[in-house]
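Listed here are the chains, written in short residue letters.
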Amino acid sequence: MKQVFRSRTAFVLGWVWVAFVAFNVWDLTARYNGKASMVALAVLGVLTALVYVVAIRPATVFTEEGLVGRNPLRTTVVPWASVREVTVSHSINVDHGEDRVLRLWTPMSSARERARAQRRGQAVKQRGKFKTEPTLTKGEQAAAQALSGKTHADWVGEQIGERADKARIRNEEPGPVRATWAYDSLAIGVVALVLVVAAILVP
């Protein structure tokens, strides 16, 4: 079963920007007035390319075969049995051998999010000291304990480690790690470059 993890805020804002750009492209095309319109289109093209590679494209994907890290300019596929160690700081870092580390762009853990998670963990420990507080069920208590003090990045990092452990238990052989260029990012970059050149050449 495929699971996709990304920054929801960045993803939503990225598509809001795309909708804004689509309207402006229609407006500039309908009211085309030469160089000024081309310059505006070029600016929108460059900004849209940046928004796409930073906000829309990055994702961490779990598949049956392995971990797929979609970063701005590269896509890396790591078989689960090839994952050696997972550490989480600001980003999730996946060690897959020979001093090679895949740094996932999403989900990331900001200092504010980590501080909020720590406060939530303290609140879970203190819960139940007063009789007026509602009593949690065993399931709710287990869920609260499992997530206390952890960010979304911490949780995803643990899931990667667990899947890697299961693959080793099944005696799966570590497979080759495949890394390819993000052709979609390169394509949108070429379009933005063409718009910039056109804006310079149009009299």
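A brief report on the enclosed structure follows. Not measured: the values here are computed from a predicted model.

What follows is about helix α2 (residues 35-56). Its 22 residues place the ends of α2 30 Å apart at the C-alpha level, agreeing with the 32 Å of an ideal helix rising 1.5 Å per residue. The set of residues buried in α2 consists of S37, M38, L41, A42, L44, G45, T48, A49, Y52, V53, A55 and I56.

For the structure on display, the rule yields five salt bridges. Among the ionic pairs, R31 bridges to D27, the shortest N-O distance being 3.3 Å. Overall, D27 belongs to the partly exposed group, its relative accessible area being 22%. Here R168 makes a salt bridge to D165, at a shortest N to O gap of 2.8 Å. Separated by three residues within a single helix, R168 and D165 lie in helix α5 (residues 152-169), roughly one turn from each other.

Here we come to unusual backbone geometry. A cis amide bond, omega -5°, links T106 with the succeeding residue P107. Among the secondary structure elements, P107 is positioned in the loop between β7 (101-104) and α3 (111-126). Here the phi dihedral of N171 falls at roughly 60°; this positive angle occurs in a residue that is not glycine. With respect to the helices and strands, N171 occurs in the loop between α5 and β8 (178-181).

What follows concerns the sheet that holds β8. Hydrogen bonds between backbone groups are what pair the strands of a sheet, and the pairing can be parallel or antiparallel. Strand order in this open sheet of five strands is β1-β2-β3-β4-β8, and the pairing throughout is antiparallel. A strand with exactly one partner marks an edge of an open sheet, and here the two such strands are β1 (3-5) and β8. Across the sheet, the mean angle from the axis of one strand to that of its neighbour is 15°, orientation sign disregarded. In this structure, strand β3 (residues 66-70) lies alongside strand β4 (residues 74-79), joined through five bridges in antiparallel fashion. Paired with G66 across the bridge in β4 is P79.

A few words on the packing of aromatic side chains. Applying the stated criterion to the full structure yields six aromatic pairs. Measuring from centroid to centroid gives 5.3 Å for W17 and F20, while their planes differ by 40°, and the two rings are tilted. In this pair, W17 and F20 both sit in helix α1 (residues 8-30), three residues apart, roughly one turn of the helix. Judged by its relative accessible area of 43%, F20 is partly exposed. The interplanar angle of 90° and the centroid separation of 5.3 Å between the aromatic rings of F62 and W80 together place this pair among those described as edge-to-face.

Conventions adopted
Every chain begins its residue count from 1, and numbering advances along the sequence as written. Under the rules for a predicted model, residues below a pLDDT of 70 receive no local features and side-chain atom pairs below 80 are neither given nor counted, while totals for whole chains, interfaces and linings still include all residues. Hydrogens and water are ignored here; the side-chain numbers use all heavy atoms of the structure. The helix and strand labels rest on DSSP assignments: H or I over at least four residues marks a helix, E over at least two residues marks a strand, and numbering proceeds from the N terminus. One less than the number of residues in a helix, times 1.5 Å, gives the span that helix is expected to have. Burial classes: relative accessible area under 20% of the type maximum marks a residue as buried, over 50% as exposed, and values in between as partly exposed (1.4 Å probe, protein chains only). The rule for a salt bridge is simple: a side-chain nitrogen of Lys or Arg has to be within 4 Å of a carboxyl oxygen of Asp or Glu. We call two strands paired when DSSP finds no fewer than two bridges between them. To obtain each axis, a line is fitted to C-alpha atoms, and for helices this fit is confined to the stretch in contact; angles are then taken between N-to-C directions over 0 to 180 degrees. Stacked, tilted and edge-to-face pairs are distinguished by plane angle, under 30 degrees for stacked and over 60 for edge-to-face with tilted covering the rest, among Phe, Tyr and Trp rings (Trp via its six-membered ring) whose centres lie within 6.5 Å.

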